[in-house]
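For reference, the chains in residue letters:
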Amino acid sequence: DSQGSFMATILQGTIYLRCGETKEVRVVNQHYPADASARNNFCSVKFFPRGGDSKTTNPSSLLVGTTRGSVQLWDTEDCKLSMELERPFANHSVCVIEKCPTDAYLFCSGGANGLLGFHEVREHISHYNMLVDHKSTVFGLAWSTNGRYVDSGGNDDCLFVYDVRKTSMSIY
């Protein structure tokens, strides 16, 4: 993922943050125990503003999906794990994460088991709502510019459009 002049990527269990202007590369999970990294293969990454500041050009947090079904919030300044969200995907990879363009505390994630999760993170408290419409892996998520709808696409060749205010059912 990228934000401003920053880029985040995952390679062999390591989360890298690179500044395009200074060319500095930082290992975000450098203080994370190696055995924990082995158990938590990272598979998706997305910038997430700290404190609801979606306008910042210096990313302060990363959302990272794991192969065991959790979403982790990493502090990029202190290079530490801030929080691990509940495991809504029950040992299935979190394949895609997308943040809401209008609500800096809201993001959506899709898993290898076809689940779609809507998460709200405020002051290290996570609430989420799960949807089960896809029959296989969710690989694509996109928010409408007004933050009202989320489209999801999966390996089942289905496209679902959700009204976020009524996340208990898809509208298409």
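How each quantity is defined
Residues numbered from 1 in each chain as written. Predicted model: local features only at pLDDT ≥ 70, side-chain atom pairs only at ≥ 80, totals over all residues. Heavy atoms only, no water. Buried < 20%, exposed > 50% of the residue type's maximum accessible area, 1.4 Å probe, protein only. Helix = DSSP H or I, 4+ residues; strand = E, 2+ residues; numbered from the N terminus. Pairing = 2+ DSSP bridges. Phe/Tyr/Trp six-rings, centres within 6.5 Å; stacked < 30°, edge-to-face > 60°.

## Focus: the pairing of strand β7 (residues 71-75)
Here β7 lies mainly inside the structure; 5 of its 5 residues are buried. Alternating residues of β7 divide into Val71, Leu73 and Asp75 and Gln72 and Trp74, and every residue in both groups is buried. When strand β6 (residues 61-66) meets β7, the two strands line up antiparallel, connected through 5 bridges. Paired with Gly65 across the bridge in β7 is Val71. Between β6 and β7, which pair antiparallel and follow one another directly, the connecting turn spans 4 residues, one of which, Gly69, has a positive phi of 100 degrees. Relative to strand β8 (residues 80-84), β7 is paired through 4 bridges, and the arrangement is antiparallel. When the bridges of β8 are listed, Gln72 appears paired with Glu84. Linking two consecutive strands that pair antiparallel, namely β7 and β8, is a turn of 4 residues; a positive phi of about 55 degrees is found at Cys79 within it.

## Description of the packing of aromatic side chains
Each aromatic ring pair is summarised here by two numbers: the centre-to-centre distance and the angle between the ring planes. Scanning all chains against the criterion turns up 5 aromatic pairs. Plain terms: the ring middles of Phe118 and Tyr162 are 6.4 Å apart, the flat faces sit at 75 degrees to each other, and that makes the pair edge-to-face. With Phe118 in strand β11 (residues 115-122) and Tyr162 in strand β15 (residues 159-163), this residue pair connects regions lying 44 residues apart in the sequence. Each member of the pair Phe118 and Tyr162 is classed as buried. One aromatic cluster in this structure is built from Phe118, Trp143, Phe160 and Tyr162.

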